[in-house]
Amino acid sequence: MTNVVQPAGSIMVIGAHAGDAENMAAAAVLKHTRAGHAATIVHMTLGEAGHPTLAPEVYAEQRKREVEESARLMGGQAIWLPYRDGELPVNDEIKLQVCDLIRQEKPSTILTHWRGSIHKDHVATHEIVRDAIFYAALPAIQRERPVHRVRSVYFPENWEDMDGWRADVYLDVSDVWEDYVSVLRSHEFIRGGISSFRYFDYYTALGTTRGCLGGFEKATALMLQPGAWVRKLRHLPGLEPGHA
Ligand SMILES: [Zn+2]
(Lines give C-alpha, C1' and ligand atoms only; values in the text may rest on other atoms or scores of the structure.)
Protein backbone atom coordinates (compact mmCIF):
# COMPACT_ATOMS: atom_id res chain seq x y z
CA MET A 1 0.00 0.00 0.00
CA THR A 2 1.20 3.48 -0.81
CA ASN A 3 0.54 6.60 1.23
CA VAL A 4 1.04 8.90 -1.76
CA VAL A 5 -2.12 10.89 -2.45
CA GLN A 6 -2.87 10.73 -6.18
CA PRO A 7 -4.39 13.74 -7.90
CA ALA A 8 -8.06 13.37 -8.77
CA GLY A 9 -8.44 11.13 -11.78
CA SER A 10 -10.33 12.11 -14.86
CA ILE A 11 -11.93 10.05 -17.58
CA MET A 12 -11.78 10.34 -21.37
CA VAL A 13 -13.97 8.34 -23.71
CA ILE A 14 -12.98 8.17 -27.37
CA GLY A 15 -15.65 6.90 -29.75
CA ALA A 16 -15.55 6.52 -33.53
CA HIS A 17 -18.97 8.05 -34.20
CA ALA A 18 -21.10 10.42 -32.17
CA GLY A 19 -23.23 8.11 -30.04
CA ASP A 20 -20.67 5.32 -29.68
CA ALA A 21 -19.13 6.86 -26.57
CA GLU A 22 -22.63 7.43 -25.18
CA ASN A 23 -23.91 3.92 -25.87
CA MET A 24 -20.92 2.11 -24.50
CA ALA A 25 -19.64 4.41 -21.78
CA ALA A 26 -22.13 7.09 -20.66
CA ALA A 27 -23.07 5.07 -17.57
CA ALA A 28 -19.40 4.73 -16.58
CA VAL A 29 -18.85 8.44 -17.22
CA LEU A 30 -21.88 9.43 -15.12
CA LYS A 31 -20.65 7.25 -12.31
CA HIS A 32 -17.36 9.14 -12.19
CA THR A 33 -18.57 12.69 -12.88
CA ARG A 34 -21.01 12.19 -9.95
CA ALA A 35 -17.95 11.32 -7.86
CA GLY A 36 -16.35 14.63 -8.81
CA HIS A 37 -14.05 13.58 -11.65
CA ALA A 38 -13.78 15.49 -14.92
CA ALA A 39 -14.86 13.82 -18.17
CA THR A 40 -14.06 14.46 -21.82
CA ILE A 41 -16.01 12.76 -24.58
CA VAL A 42 -14.14 12.65 -27.88
CA HIS A 43 -15.94 11.79 -31.13
CA MET A 44 -13.56 10.94 -33.96
CA THR A 45 -16.40 11.59 -36.45
CA LEU A 46 -19.92 12.87 -36.03
CA GLY A 47 -21.40 9.70 -37.55
CA GLU A 48 -23.20 11.94 -40.00
CA ALA A 49 -23.49 9.47 -42.90
CA GLY A 50 -26.21 7.18 -41.62
CA HIS A 51 -29.46 9.17 -41.88
CA PRO A 52 -32.03 7.82 -44.37
CA THR A 53 -33.46 11.23 -45.34
CA LEU A 54 -31.13 14.00 -44.11
CA ALA A 55 -28.03 15.01 -46.09
CA PRO A 56 -24.80 14.37 -44.14
CA GLU A 57 -24.07 18.09 -43.66
CA VAL A 58 -27.58 18.65 -42.25
CA TYR A 59 -27.46 15.57 -40.03
CA ALA A 60 -23.98 16.64 -38.81
CA GLU A 61 -25.54 19.78 -37.28
CA GLN A 62 -28.10 17.62 -35.46
CA ARG A 63 -25.31 15.31 -34.24
CA LYS A 64 -23.42 18.29 -32.79
CA ARG A 65 -26.51 19.30 -30.80
CA GLU A 66 -26.98 15.70 -29.65
CA VAL A 67 -23.41 15.26 -28.41
CA GLU A 68 -23.52 18.63 -26.65
CA GLU A 69 -26.73 17.64 -24.88
CA SER A 70 -25.28 14.24 -23.96
CA ALA A 71 -22.13 15.83 -22.57
CA ARG A 72 -24.25 18.23 -20.52
CA LEU A 73 -26.26 15.32 -19.11
CA MET A 74 -23.02 13.44 -18.32
CA GLY A 75 -21.42 16.48 -16.69
CA GLY A 76 -18.51 16.43 -19.14
CA GLN A 77 -17.30 18.21 -22.26
CA ALA A 78 -17.71 17.03 -25.85
CA ILE A 79 -15.01 17.33 -28.48
CA TRP A 80 -15.34 16.20 -32.09
CA LEU A 81 -12.67 15.89 -34.72
CA PRO A 82 -13.15 16.95 -38.36
CA TYR A 83 -13.14 13.48 -39.93
CA ARG A 84 -15.80 11.97 -42.14
CA ASP A 85 -17.99 9.09 -41.06
CA GLY A 86 -16.75 5.90 -42.71
CA GLU A 87 -13.48 7.49 -43.84
CA LEU A 88 -11.49 7.73 -40.61
CA PRO A 89 -7.80 7.55 -41.60
CA VAL A 90 -5.07 5.85 -39.59
CA ASN A 91 -1.87 7.89 -39.78
CA ASP A 92 0.56 9.78 -37.56
CA GLU A 93 -1.20 13.10 -38.10
CA ILE A 94 -4.41 11.89 -36.46
CA LYS A 95 -2.52 9.91 -33.78
CA LEU A 96 -0.64 13.08 -32.81
CA GLN A 97 -3.91 15.02 -32.79
CA VAL A 98 -5.28 12.57 -30.20
CA CYS A 99 -1.92 12.59 -28.37
CA ASP A 100 -2.28 16.38 -28.05
CA LEU A 101 -5.82 15.99 -26.69
CA ILE A 102 -4.54 13.50 -24.10
CA ARG A 103 -1.71 15.83 -23.07
CA GLN A 104 -4.19 18.72 -22.88
CA GLU A 105 -6.92 16.97 -20.84
CA LYS A 106 -4.59 14.67 -18.84
CA PRO A 107 -7.05 11.79 -18.30
CA SER A 108 -6.01 9.10 -15.85
CA THR A 109 -8.37 6.64 -17.55
CA ILE A 110 -9.34 6.18 -21.20
CA LEU A 111 -12.26 4.15 -22.50
CA THR A 112 -12.34 3.31 -26.20
CA HIS A 113 -13.27 0.70 -28.79
CA TRP A 114 -11.98 -2.85 -28.62
CA ARG A 115 -10.18 -3.79 -31.86
CA GLY A 116 -12.39 -6.79 -32.65
CA SER A 117 -15.03 -4.73 -34.44
CA ILE A 118 -17.19 -5.16 -37.51
CA HIS A 119 -16.85 -1.42 -38.26
CA LYS A 120 -13.67 -0.11 -39.87
CA ASP A 121 -13.90 3.26 -38.08
CA HIS A 122 -14.02 1.46 -34.73
CA VAL A 123 -10.93 -0.62 -35.61
CA ALA A 124 -9.20 2.58 -36.77
CA THR A 125 -10.11 4.37 -33.52
CA HIS A 126 -8.67 1.51 -31.47
CA GLU A 127 -5.38 1.74 -33.34
CA ILE A 128 -5.24 5.55 -33.26
CA VAL A 129 -5.94 5.70 -29.51
CA ARG A 130 -3.47 2.93 -28.67
CA ASP A 131 -0.64 4.80 -30.39
CA ALA A 132 -1.81 8.22 -29.16
CA ILE A 133 -1.57 6.98 -25.54
CA PHE A 134 1.96 5.74 -26.29
CA TYR A 135 2.97 9.04 -27.95
CA ALA A 136 1.43 11.10 -25.12
CA ALA A 137 3.75 9.41 -22.61
CA LEU A 138 6.86 9.41 -24.80
CA PRO A 139 9.32 12.25 -24.00
CA ALA A 140 10.84 11.94 -27.49
CA ILE A 141 7.54 13.14 -28.97
CA GLN A 142 7.98 16.90 -28.61
CA ARG A 143 4.66 18.74 -28.75
CA GLU A 144 3.30 21.94 -27.31
CA ARG A 145 2.34 20.26 -24.02
CA PRO A 146 4.40 18.04 -21.71
CA VAL A 147 4.15 14.26 -21.62
CA HIS A 148 1.21 12.63 -19.88
CA ARG A 149 0.93 9.00 -18.86
CA VAL A 150 -2.55 7.45 -18.95
CA ARG A 151 -2.92 5.04 -16.04
CA SER A 152 -5.69 2.73 -17.25
CA VAL A 153 -7.36 1.79 -20.51
CA TYR A 154 -10.67 -0.08 -20.74
CA PHE A 155 -12.76 -1.30 -23.65
CA PRO A 156 -16.48 -0.94 -22.85
CA GLU A 157 -19.08 -3.25 -24.31
CA ASN A 158 -20.31 -2.24 -27.78
CA TRP A 159 -22.47 -4.52 -29.92
CA GLU A 160 -20.23 -3.87 -32.94
CA ASP A 161 -16.97 -4.67 -31.11
CA MET A 162 -17.62 -8.16 -29.74
CA ASP A 163 -15.01 -10.25 -31.60
CA GLY A 164 -12.70 -11.47 -28.83
CA TRP A 165 -14.22 -9.05 -26.30
CA ARG A 166 -14.91 -10.30 -22.80
CA ALA A 167 -16.34 -8.84 -19.61
CA ASP A 168 -13.47 -8.39 -17.13
CA VAL A 169 -15.12 -5.75 -14.95
CA TYR A 170 -18.75 -5.27 -13.93
CA LEU A 171 -19.28 -1.69 -12.82
CA ASP A 172 -22.33 -0.94 -10.67
CA VAL A 173 -24.23 1.86 -12.44
CA SER A 174 -27.58 1.40 -10.66
CA ASP A 175 -27.46 4.87 -9.11
CA VAL A 176 -26.93 6.66 -12.46
CA TRP A 177 -29.19 4.45 -14.55
CA GLU A 178 -31.98 6.96 -15.18
CA ASP A 179 -29.45 9.55 -16.33
CA TYR A 180 -27.82 7.00 -18.63
CA VAL A 181 -31.23 6.36 -20.22
CA SER A 182 -31.65 10.15 -20.68
CA VAL A 183 -28.28 10.27 -22.48
CA LEU A 184 -29.42 7.45 -24.78
CA ARG A 185 -32.66 9.29 -25.52
CA SER A 186 -30.79 12.45 -26.52
CA HIS A 187 -29.71 10.74 -29.78
CA GLU A 188 -32.27 10.16 -32.52
CA PHE A 189 -30.49 7.07 -33.87
CA ILE A 190 -30.52 5.46 -30.43
CA ARG A 191 -34.18 6.27 -29.82
CA GLY A 192 -35.03 4.45 -33.05
CA GLY A 193 -36.21 5.17 -36.58
CA ILE A 194 -32.86 5.67 -38.30
CA SER A 195 -31.03 2.36 -37.95
CA SER A 196 -32.52 -1.11 -38.22
CA PHE A 197 -30.52 -1.99 -35.10
CA ARG A 198 -32.50 -1.56 -31.87
CA TYR A 199 -29.88 0.50 -29.98
CA PHE A 200 -32.12 1.65 -27.17
CA ASP A 201 -33.51 -1.82 -26.47
CA TYR A 202 -30.06 -3.39 -26.72
CA TYR A 203 -28.25 -1.05 -24.33
CA THR A 204 -31.03 -0.83 -21.77
CA ALA A 205 -31.42 -4.64 -21.74
CA LEU A 206 -27.64 -4.97 -21.48
CA GLY A 207 -27.61 -2.94 -18.27
CA THR A 208 -30.01 -5.46 -16.76
CA THR A 209 -28.13 -8.49 -18.14
CA ARG A 210 -24.76 -7.25 -16.91
CA GLY A 211 -26.39 -6.30 -13.62
CA CYS A 212 -27.59 -9.91 -13.21
CA LEU A 213 -24.10 -11.24 -13.90
CA GLY A 214 -22.35 -8.62 -11.76
CA GLY A 215 -24.69 -8.86 -8.79
CA PHE A 216 -26.00 -5.29 -9.15
CA GLU A 217 -29.34 -3.92 -10.22
CA LYS A 218 -27.73 -2.36 -13.31
CA ALA A 219 -24.15 -2.75 -14.48
CA THR A 220 -21.92 -1.90 -17.39
CA ALA A 221 -19.15 -4.28 -18.44
CA LEU A 222 -15.62 -3.37 -19.43
CA MET A 223 -12.71 -5.32 -20.86
CA LEU A 224 -9.22 -4.73 -19.49
CA GLN A 225 -6.25 -4.05 -21.72
CA PRO A 226 -4.63 -7.37 -22.68
CA GLY A 227 -2.08 -8.14 -19.97
CA ALA A 228 -3.68 -5.81 -17.42
CA TRP A 229 -5.12 -8.74 -15.48
CA VAL A 230 -1.62 -10.09 -14.72
CA ARG A 231 -0.92 -9.94 -10.99
CA LYS A 232 2.53 -10.04 -9.44
CA LEU A 233 2.03 -11.55 -5.98
CA ARG A 234 4.18 -13.10 -3.29
CA HIS A 235 1.11 -14.90 -1.89
CA LEU A 236 -2.38 -15.57 -3.15
CA PRO A 237 -5.00 -13.15 -1.72
CA GLY A 238 -6.26 -14.39 1.62
CA LEU A 239 -3.27 -16.73 2.03
CA GLU A 240 -0.69 -14.18 3.14
CA PRO A 241 1.43 -15.21 6.16
CA GLY A 242 -0.33 -14.19 9.33
CA HIS A 243 -3.69 -13.73 7.54
CA ALA A 244 -6.48 -14.67 9.92
ZN1 LIG B 1 -19.78 3.57 -34.47
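Structure shown above.
Predicted model, so just to flag it, every value in this text is computed and none were measured.

About the thresholds
- Residues numbered from 1 in each chain as written.
- Predicted model: local features only at pLDDT ≥ 70, side-chain atom pairs only at ≥ 80, totals over all residues.
- Heavy atoms only, no water.
- Donors = N, O, S within 2.8 Å, 3.2 Å for Na, K, Ca; no water.
- Tetrahedral: all angles 85-135°; square planar, octahedral: opposite > 155°, others 65-115°.
- Helix = DSSP H or I, 4+ residues; strand = E, 2+ residues; numbered from the N terminus.
- Buried < 20%, exposed > 50% of the residue type's maximum accessible area, 1.4 Å probe, protein only.
- Pairing = 2+ DSSP bridges.
- Right-handed = clockwise from strand over helix to strand, strands pointing away.
- Patch = residues over 30% accessible without salt bridge, like charges linked within 9 Å, V, L, I, M, F, W, Y side chains within 5 Å.
- Areas by Shrake-Rupley, 256 points an atom, 1.4 Å probe, with all protein chains shown as cover.
- Salt bridge = Lys/Arg side-chain N within 4 Å of Asp/Glu carboxyl O.
- 1 Å grid on protein atoms, 1.4 Å probe; cavity = no way out; pocket = protein on both sides within 12 Å on 5 of 7 lines; lining within 4 Å.
- Points joined across faces, edges and corners; volume = space filled by probe spheres on them.
- Nonpolar A, V, L, I, M, F, W, Y, C, P; charged D, E, K, R; others polar.
- Axes fitted to C-alpha atoms, helices over the stretch in contact; angles between N-to-C directions.
- Parallel < 35°, antiparallel > 145°, perpendicular 65-115°, else oblique.
- Left-handed = near helix turned anticlockwise from the far one by under 90°.
- Contact = heavy atoms within 4.5 Å.
- Phe/Tyr/Trp six-rings, centres within 6.5 Å; stacked < 30°, edge-to-face > 60°.
- Lys NZ or Arg CZ within 6 Å of the ring centre and 35° of its normal.
- Polar contact = N/O pair within 3.5 Å; in protein donor to acceptor, adjacent residues only side chain to side chain.

(A) Seen up close, the coordination of the zinc ion. Within the protein, the zinc ion binds to H17 (ND1), D20 (OD), D20 (OD) and H122 (NE2); these donor distances fall in the range 2.1 to 2.8 Å. One can describe the site at the zinc ion as irregular: its four donor atoms subtend angles covering 52 to 140° at the metal. Donor residues binding the zinc ion come from one chain and are separated in sequence as H-x2-D-x101-H. Taken as a pair, D20 in helix α1 (residues 20-34) and H122 in helix α4 (residues 120-136) lie far apart in primary sequence, 102 residues in all. An identical accessibility class is assigned to D20 and H122; each is buried.

(B) Seen up close, the pairing of strand β3 (residues 77-83). Where strand β2 (residues 38-45) meets β3, five bridges bridge the pair, whose relative direction is parallel. Paired with I41 across the two strands is A78, which belongs to β3. Between the parallel pair β2 and β3, the chain is carried across by helix α2 (residues 56-74), and the sense of this crossover is right-handed.

(C) Up close: a nonpolar patch on the surface. A grouping of L233, L236 and L239 is seen on the molecular surface, where their side chains present a nonpolar patch of about 330 Å² in accessible area. Along the chain, L236 turns up in the segment after β7 (219-224). Accessibility expressed as a relative area gives 55% for L236, which makes it exposed.

(D) Up close: the pattern of salt bridges. In total, this model carries 13 salt bridges according to the counting rule given. Measuring nitrogen to oxygen at the nearest pair gives 2.8 Å for the salt bridge that ties R63 to E66. On the criterion of helical spacing, the pair formed by R63 and E66 is a turn pair, its members being three residues apart in helix α2. The exposure classification of R63 matches that of E66, with both residues buried. Here the salt bridges do not stand alone but share partners, grouping K95, R130 and D131 into one network.

(E) Geometry of empty space enclosed by the protein. Tallied over the entire structure, the rule returns one cavity of 30 Å³ or more. The volume enclosed by the largest cavity comes to roughly 110 Å³. Residue lining of the largest cavity: 14 residues in total, with N23, Y180, Y203, L206 and T220 positioned closest to the centre. Mapped by element, the contributors of at least two residues to the lining of the largest cavity are α1, α5 (177-185), α7 (199-214) and β7. When the residues that make up the lining of the largest cavity are grouped by side-chain class, the tally is nine nonpolar, three polar and two charged.

(F) Quick peek at the packing of α1 against α5. One way to put it is that α1 packs onto α5 with a least axis distance of 9 Å and a crossing angle of 135°. Comparing their axes, α5 and α1 come out oblique. Note on packing geometry: the crossing formed by α1 with α5 is right-handed. Along its contact with α1, which presents E22, N23, A26, A27, L30 and R34, the element α5 presents D179, Y180, V183 and L184.

(G) Representation of the packing of aromatic side chains in the model. With the rule as written, the count across this model stands at nine aromatic pairs. Centre to centre, the rings of Y202 and Y203 are 5.0 Å apart; their planes meet at 80°, and the pair counts as edge-to-face. The exposure class of Y202 is partly exposed, given its relative accessible area of 26%. Taken together through their ring pairs, the aromatic side chains of W159, F189, F197, Y199, Y202 and Y203 make up a single cluster. Over the ring of W229 we find R166; its NZ or CZ atom is 4.5 Å from the centre of that ring.

(H) Seen up close, the environment of H122. Residue class for H122 comes out buried when judged on its relative accessible area of 0%. Between the alpha carbons of H122 and A8 there is a distance of 29 Å; along the sequence they are 114 residues apart. Look past the residues within four positions of H122 in its chain and what remains in contact with it is A16, H17, D20, H113, S117, N158, E160 and D161. Looking at H122, its side chain comes within polar contact range of the side chain of D161, at 2.8 Å.

(I) Structural detail: the sheet that holds β7. In spatial order, the strands read β3-β2-β1-β4-β5-β7-β6; together these seven strands make up an open sheet with mixed pairing. At either margin of the open sheet sits one strand with a lone partner, and together these are β3 and β6 (169-172). Adjacent strand axes in the sheet meet at a mean angle of 30°, parallel and antiparallel pairs treated alike. Strand direction decides the pairing type here: strand β1 (residues 10-17) and β2, joined by seven bridges, are parallel. Residue pairing across strands places M12 opposite T40, the latter belonging to β2.

The analysis is restricted to geometry; functional conclusions fall outside its scope.
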